[in-house]
Protein chains: 2
Amino acid sequence: MTVISTKLRARLLDALAHPNRIRVLEAIRSGHTCSCEIAPDLNLEQSNLSRHMKILVDRGILIPERDGVRINYRIADDEIYHMLDLAGELVRRAAERNILEEETE
Amino acid sequence: MTVISTKLRARLLDALAHPNRIRVLEAIRSGHTCSCEIAPDLNLEQSNLSRHMKILVDRGILIPERDGVRINYRIADDEIYHMLDLAGELVRRAAERNILEEETE
DNA sequence: TGAATACATGAGTAAATACTCAACAATGTT
DNA sequence: AACATTGTTGAGTATTTACTCATGTATTCA
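Residues numbered from 1 in each chain as written. Chains lettered and ligands numbered in written order. Predicted model: local features only at pLDDT ≥ 70, side-chain atom pairs only at ≥ 80, totals over all residues. Heavy atoms only, no water.

1. Examining the pattern of salt bridges
Here is step 1 of the chain: For the coordinates displayed, the defined rule picks out 24 salt bridges over all chains.
Here is step 2 of the chain: For the salt bridge of Asp77(A) with Arg93(B), the shortest nitrogen-to-oxygen distance reads 2.9 Å. Residue Asp77(A) is found in the loop between strand S2 (70-75) and helix H5 (79-103), and its partner Arg93(B) is found in helix H5 (residues 79-103); the two belong to separate chains.
Here is step 3 of the chain: Assessed through its relative accessible area of 6%, Asp77(A) is described here as buried.
Here is step 4 of the chain: Residue Arg93(B) is classed as partly exposed on the basis of its relative accessible area of 28%. (Salt bridge = Lys/Arg side-chain N within 4 Å of Asp/Glu carboxyl O. Helix = DSSP H or I, 4+ residues; strand = E, 2+ residues; numbered from the N terminus. Buried < 20%, exposed > 50% of the residue type's maximum accessible area, 1.4 Å probe, protein only.)

2. Regarding the protein's contact with DNA strand C
Here is step 1 of the chain: Residues in close proximity to DNA strand C total 25 residues, the closest being Cys36(A), Ser47(A), Ser50(A), Arg51(A) and His52(B).
Here is step 2 of the chain: Counting only the atoms of DNA strand C within 4 Å of the protein, the fraction contributed by sugar and phosphate is 56%.
Here is step 3 of the chain: Between DNA strand C and the protein, one listed contact pairs a phosphate oxygen with a side-chain N or O atom of Asn48(B) at 3.1 Å.
Here is step 4 of the chain: Here a phosphate oxygen of DNA strand C and a side-chain polar atom of His52(B) are 2.5 Å apart.
Here is step 5 of the chain: Those elements that place two or more of their residues in the surface near DNA strand C are helix H3 (35-42), helix H4 (46-58) and S2 of chain A together with helix H1 (6-16), helix H2 (19-29) and helix H4 (46-58) of chain B.
Here is step 6 of the chain: Of all the elements, H4(B) adds the most residues to the surface near DNA strand C, at 5 residues.
Here is step 7 of the chain: A breakdown of the residues in the surface near DNA strand C according to their chemical character gives 7 nonpolar, 10 polar and 8 charged. (Near = heavy atom within 4 Å. Polar contact = N/O pair within 3.5 Å; in protein donor to acceptor, adjacent residues only side chain to side chain. Nonpolar A, V, L, I, M, F, W, Y, C, P; charged D, E, K, R; others polar.)

3. Section: H3(A)
Residues and elements named next belong to chain A.
Here is step 1 of the chain: Of the residues making up H3, those classed as buried are Ile-38, Ala-39 and Leu-42. The buried side chains of H3 occupy one side of the element, clustering within an arc of 100° when seen end-on.
Here is step 2 of the chain: Residues of H3 that are buried in the fold lie against helix H2 (19-29) and H4.
Here is step 3 of the chain: Following H3 by one or two positions, Asn-43 has its phi on the positive side, about 60°. (Arc of directions from axis to C-beta. Contact = heavy atoms within 4.5 Å.)

4. Details of the interface of chain A and chain B
Here is step 1 of the chain: Counting residues at the interface gives 31 residues for chain A, matched by 31 residues for chain B.
Here is step 2 of the chain: Between chain A and chain B the total buried area reaches about 3,000 Å² when both faces are included, carbon and sulfur atoms providing 73% of it.
Here is step 3 of the chain: Of all residues in chain A, the largest losses of buried area upon contact with chain B belong to Arg9(A), Leu13(A) and Leu90(A), amounting jointly to 19% of the total for that side.
Here is step 4 of the chain: If you look at where chain A meets chain B, you find 6 salt bridges.
Here is step 5 of the chain: Along the contact surface separating chain A from chain B lie 6 residue pairs in polar contact (both at pLDDT 80 or more). (Buried area = accessible area lost by both parts, 1.4 Å probe.)

5. A look at the nonpolar core
Here is step 1 of the chain: Counting residues in each nonpolar core, the largest one holds 60 residues, and the members touching the most others are Ile61(A) and Ile61(B).
Here is step 2 of the chain: Apart from the residues lying within four places of it in its own chain, the contact partners of Ile61(A) are Leu12(A), Ala15(A), Leu16(A), Leu25(A), Leu56(A), Arg74(A), Ile75(A), Ala76(A) and Ile80(A). (Core = buried A, V, L, I, M, F, W, Y, C linked by side-chain atoms within 4.5 Å.)

6. Here we look at the state of the cysteines
Each disulfide consists of a covalent bond between the sulfur atoms of two cysteine residues.
All names here are of chain A.
Here is step 1 of the chain: One pass over the structure, following the stated rule, counts 2 disulfides over all chains.
Here is step 2 of the chain: Covalent S-S linkage joins Cys-34 and Cys-36, the inter-sulfur distance amounting to 2.0 Å. Judged by the sign of its S-S torsion, about -60°, the cystine formed by Cys-34 and Cys-36 is left-handed. (Disulfide = S-S within 2.5 Å.)

7. A closer look at the pairing of strand S2 (residues 70-75) of chain B
All names here are of chain B.
Here is step 1 of the chain: With 6 bridges connecting them, strand S1 (residues 62-67) and S2 associate as antiparallel partners. Within S2, the position partnered with Leu-62 by the bridge is Ile-75.
Here is step 2 of the chain: Connecting the antiparallel pair S1 and S2 is a turn made up of 2 residues, with Gly-68 showing a positive phi of about 70°. (Pairing = 2+ DSSP bridges.)

8. Here's the deal with the environment of Glu26(A)
Here is step 1 of the chain: With respect to the helices and strands, the residue Glu26(A) is situated in helix H2.
Here is step 2 of the chain: Distance from Glu26(A) to Lys54(A), taken between C-alpha atoms, is 17 Å for residues 28 residues apart in sequence.
Here is step 3 of the chain: Not counting residues up to four positions away in its chain, the partners in contact with Glu26(A) are Leu84(A) and Arg9(B).

9. Quick notes on the protein's contact with DNA strand D
Here is step 1 of the chain: The environment of DNA strand D is made up of 24 residues, and the closest members are Arg51(A), His52(A), Gln46(B), Ser50(B) and Arg51(B).
Here is step 2 of the chain: Among the atoms of DNA strand D lying within 4 Å of the protein, the sugar-phosphate backbone contributes 55%.
Here is step 3 of the chain: At 3.4 Å from a base oxygen of DNA strand D is found a side-chain nitrogen or oxygen belonging to Gln46(B).
Here is step 4 of the chain: For the surface near DNA strand D, the leading source of residues is H4(A), giving 5 residues.
Here is step 5 of the chain: Residues that form the surface near DNA strand D fall into these classes: 7 nonpolar, 10 polar and 7 charged.

Now the structure itself:
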């Protein structure tokens, strides 16, 4: 079996490791398709969002498709959402553990 | 349903988003338990590794347990490995997509 | 052609990150 | 107590990141 590059995995995880990029992906998940919708929705500066989108595209997470003046984005792989859900699950369970640990201290 | 903090999720993902921290987790997965084994195995400066371990512990990913002079680490939640596997899967599939896209260009 | 809309980018800045070396702290052994 | 082993931490540095403001580019439509 092939060893998967830790570097590429780190690059992927890193692309997801920003609150605003997570929010962008959730926005796309819930139906938004272009920056022009996402920017006001998330209250992000246009140039700032553009740079976040570039990161998500460059890392193969989003696929851009021009449609007139706008650029619609779609997720490259639905498993990305699985990743975000799993991260949420882990955070939830970590919080539970900490509560339990405090109780037994 | 509760909205999971994007900030906490980002912090978790960020903790995993470094090649050496991924390698550390793989080392622990494969049976290593303390820095004294991991440092030479991964060829990392001891103080550097110590800081990586601190990040993993602080973010609730590893749990440290003192045993004499050494500190043994164990994974707080096995789903962390699931996360790393999923990241690998996503990277693999992204690479496949790029090959296919190049062919159709 | 000129205006409008959507997006990208250069320049500058502040903060965070990863790393190294040297010194320090904790634990166990003789 | 002296020493060895393991791990932490302060200081310094280089690089990267996120952000903003202003400007530039691409596309559409009047």
